[in-house]
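As a plain string of letters, each chain reads:
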Amino acid sequence: MNKVTVSAAIQVNESPTVVWDYTQDWRRRTEWDRSVVSAQYLSEVSPVAIQVQGAGGLKFKVNYKTIDRPRLTTLAMTETNSIWLKGGGGSWKYEDKEGKTLWTQHNTLILRDDLLGRVFRPLFAIILAITTRHIMRTAKANIENRRQISL
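Treat the numbers as computed from the prediction; the structure is a model and nothing was measured.

Undergrad: Where do I start with the packing of aromatic side chains in this structure?
TA: To describe a pair of aromatic rings, one takes the distance between the centres and the angle between the planes. Tallied over the entire structure, the rule returns seven aromatic pairs. Summarising the aromatic geometry, the rings of Tyr94 and Trp103 are spaced 6.2 Å apart at their centres and angled 10° between planes, so their arrangement reads as stacked. One exposure class covers both Tyr94 and Trp103, and it is buried. The rings of Tyr22, Trp32, Trp92, Tyr94 and Trp103 are connected pair by pair, giving a single aromatic cluster. The aromatic ring of Trp26 is capped on one face by Arg29, whose charged end is 4.2 Å from the ring centroid.

Undergrad: Explanation requested: the environment of Ser82 in the structure shown.
TA: With respect to the helices and strands, the residue Ser82 is situated in the loop between strand S5 (72-78) and strand S6 (85-97). Between the C-alpha atom of Ser82 and that of Leu111, which follows or precedes it by 29 residues, the distance is 9.6 Å. Side-chain polar atoms of Ser82 contact the backbone nitrogen of Leu85, separated by 2.9 Å.

Undergrad: What should I look at first to understand the side chain of Asp33 in this one?
TA: Tracing the backbone through its elements, the reader meets Asp33 in the loop between helix H1 (16-23) and strand S2 (36-43). In terms of polar contacts, Asp33 uses its side chain to reach the side chain of Ser35, at 2.5 Å.

Undergrad: Would you explain the pairing of S2 in this entry?
TA: Every regular strand shows the same layout, with side chains that alternate between the two sheet faces. Of the strand pairs in this sheet, S2 and strand S3 (residues 49-54) are connected by six bridges, and their pairing is antiparallel. Counterpart to Ser38 in the pairing with S3 is Gln53. If you look at the hairpin formed by S2 and S3, you'll find five residues sitting between the two strands.

Undergrad: Looking at this structure, I do not really get the nonpolar core. What am I missing?
TA: Burial of nonpolar side chains together is a common tendency in soluble globular proteins. Within the largest apolar cluster, 19 residues are counted, with the highest numbers of intra-cluster contacts made by Trp26, Ile50, Val52, Val62 and Leu85. For this core, the secondary-structure elements that each account for two or more residues are strand S1 (3-12), S2, S3, strand S4 (59-68), strand S7 (100-111) and helix H2 (115-150). The residues touching Ile50, leaving out its near neighbours within four places in the chain, are Trp26, Ala39, Gln40, Tyr41, Leu42, Phe60, Lys61, Val62 and Tyr64. Tyr22, Trp32, Ile135 and Ile143 belong to the second largest nonpolar core, which has 14 residues in total.

The rules we used
Residues numbered from 1 in each chain as written. Predicted model: local features only at pLDDT ≥ 70, side-chain atom pairs only at ≥ 80, totals over all residues. Heavy atoms only, no water. Phe/Tyr/Trp six-rings, centres within 6.5 Å; stacked < 30°, edge-to-face > 60°. Buried < 20%, exposed > 50% of the residue type's maximum accessible area, 1.4 Å probe, protein only. Lys NZ or Arg CZ within 6 Å of the ring centre and 35° of its normal. Helix = DSSP H or I, 4+ residues; strand = E, 2+ residues; numbered from the N terminus. Polar contact = N/O pair within 3.5 Å; in protein donor to acceptor, adjacent residues only side chain to side chain. Pairing = 2+ DSSP bridges. Core = buried A, V, L, I, M, F, W, Y, C linked by side-chain atoms within 4.5 Å. Contact = heavy atoms within 4.5 Å.

All we've got here are geometric facts, nothing functional implied.
Okay, here's the thing in structure tokens:
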């Protein structure tokens, strides 16, 4: 299988509950994830499912596999309309570090399994790594700025 996996972690100066609630609310995802244009919940109860409109016309469905608030989520990305992506998934972990959160992401994209997919795999790895770090920094800033504003 032709896939790309990246991992990233960042410390957020807020509790795991606050970080989890903000980052797992797909209605707010466009505030910090520029690759998401819109998201609509298909089901808000187990199994949680979301229809996502991504940048560049990408559409896909998110199916949660694990929801352990405020510690962990895992999900699968399915039903893509992309000629490059067959699917993907990931896990997000939220660890309490003395009232702060170590937020870790492991994200995987499953690419088309042919010569073009293999040739462009390194480019997808770079894009996924850069995007993952960027969205995490943006979410961190949003969460921490809200805290300062509300104090």
